[in-house]
Amino acid sequence: MRLLRGLSGIVAAGTVALMLVIVGTAVMAGRRDFPGPGVESVAWHVVVAVIAVAAQIYSDKRRGLAAFSGSAVVFIVAGLLLWTQWWS
């Protein structure tokens, strides 16, 4: 279970890093007057990062099925973010 929680922690950190990149890009785009990610994309990234971090904290504080469920939420929301905002 520690391996799964470790992997989901890496994924949760990755969603936070992606969120920071998207927010930074949106700010730079606004200041330099060129098209950047829209409000919808920024909102998706912020919401998913918050959910992933919350689920990871939950997973780290629990054991057994509860820890597995928290890790699964991290993987699901990260996959949903990648699918809706990056691949489609």
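Below is a summary of the structure that appears in this document. (Residues numbered from 1 in each chain as written. Predicted model: local features only at pLDDT ≥ 70, side-chain atom pairs only at ≥ 80, totals over all residues. Heavy atoms only, no water.)

1. Focus: the overall build of the protein chain
For the protein chain, the helix and strand inventory stands at three helices and zero strands. Written out in order from the N terminus, the α and β elements of the protein chain read α-α-α. With respect to the principal axes defined by its C-alpha atoms, the protein chain has extents near 50 × 20 × 15 Å. Going through the 88 residues of the protein chain one by one, you find that 25% of them count as buried. In the protein chain, of all internal contacts separated by at least 6 residues, the share reaching a separation of at least 24 is 69%. (Helix = DSSP H or I, 4+ residues; strand = E, 2+ residues; numbered from the N terminus. Buried < 20%, exposed > 50% of the residue type's maximum accessible area, 1.4 Å probe, protein only. Contact = heavy atoms within 4.5 Å.)

2. Here's the deal with helix H1 (residues 2–32)
For H1, built from 31 residues, the straight-helix expectation of 45 Å at 1.5 Å per residue is met to within 8% by its first-to-last C-alpha distance of 45 Å. Taken together, the buried positions of H1 are occupied by Ser8, Ala12, Thr15, Met19, Ile22 and Ala29. In this structure, the buried residues of H1 make contact with helix H2 (39–61) and helix H3 (65–87). Aspartate 33 sits one or two residues past H1 and shows a positive phi near 55°. (Expected span 1.5 Å × (residues − 1).)

3. Structural notes on the packing of H1 against H2
Relative to each other, H1 and H2 sit at 155°, their axes nearing to 9 Å. It follows from the interaxial angle that H1 and H2 lie roughly antiparallel. Viewed along their axes, H1 and H2 form a crossing whose handedness is left-handed. Every residue of H2 that contacts H1 at Arg5, Ser8, Gly9, Ala12, Thr15, Val16, Leu18, Met19, Ile22, Val23 and Ala26 is listed here: Ser41, Val42, His45, Val46, Val48, Ala49, Ala52, Val53, Gln56, Ser59 and Asp60. (Axes fitted to C-alpha atoms, helices over the stretch in contact; angles between N-to-C directions. Parallel < 35°, antiparallel > 145°, perpendicular 65-115°, else oblique. Left-handed = near helix turned anticlockwise from the far one by under 90°.)

4. Observations concerning the side chain of serine 8
You can see serine 8 is positioned in helix H1. At 3.0 Å, the side chain of serine 8 forms a polar contact with the backbone oxygen of arginine 5. (Polar contact = N/O pair within 3.5 Å; in protein donor to acceptor, adjacent residues only side chain to side chain.)

5. Section: the nonpolar core
Counting residues in hydrophobic clusters, the biggest one holds seven residues: Ala12, Val48, Ala52, Ala55, Val74, Val77 and Leu81. Going through the elements one at a time, H2 and H3 are the ones with two or more residues in this core. Ignoring sequence-local partners within four residues, the contact set of alanine 55 consists of Gly70, Val73 and Val74. (Core = buried A, V, L, I, M, F, W, Y, C linked by side-chain atoms within 4.5 Å.)

6. Here we look at H2
For H2, with 23 residues, the first-to-last C-alpha span of 33 Å sits near the 33 Å given by 1.5 Å per residue. Within the span of H2, buried status applies to Ser41, Val42, His45, Val48, Ala49, Ala52, Ala55, Gln56 and Ser59. If you follow the buried residues of H2, they end up packed against H1 and H3.

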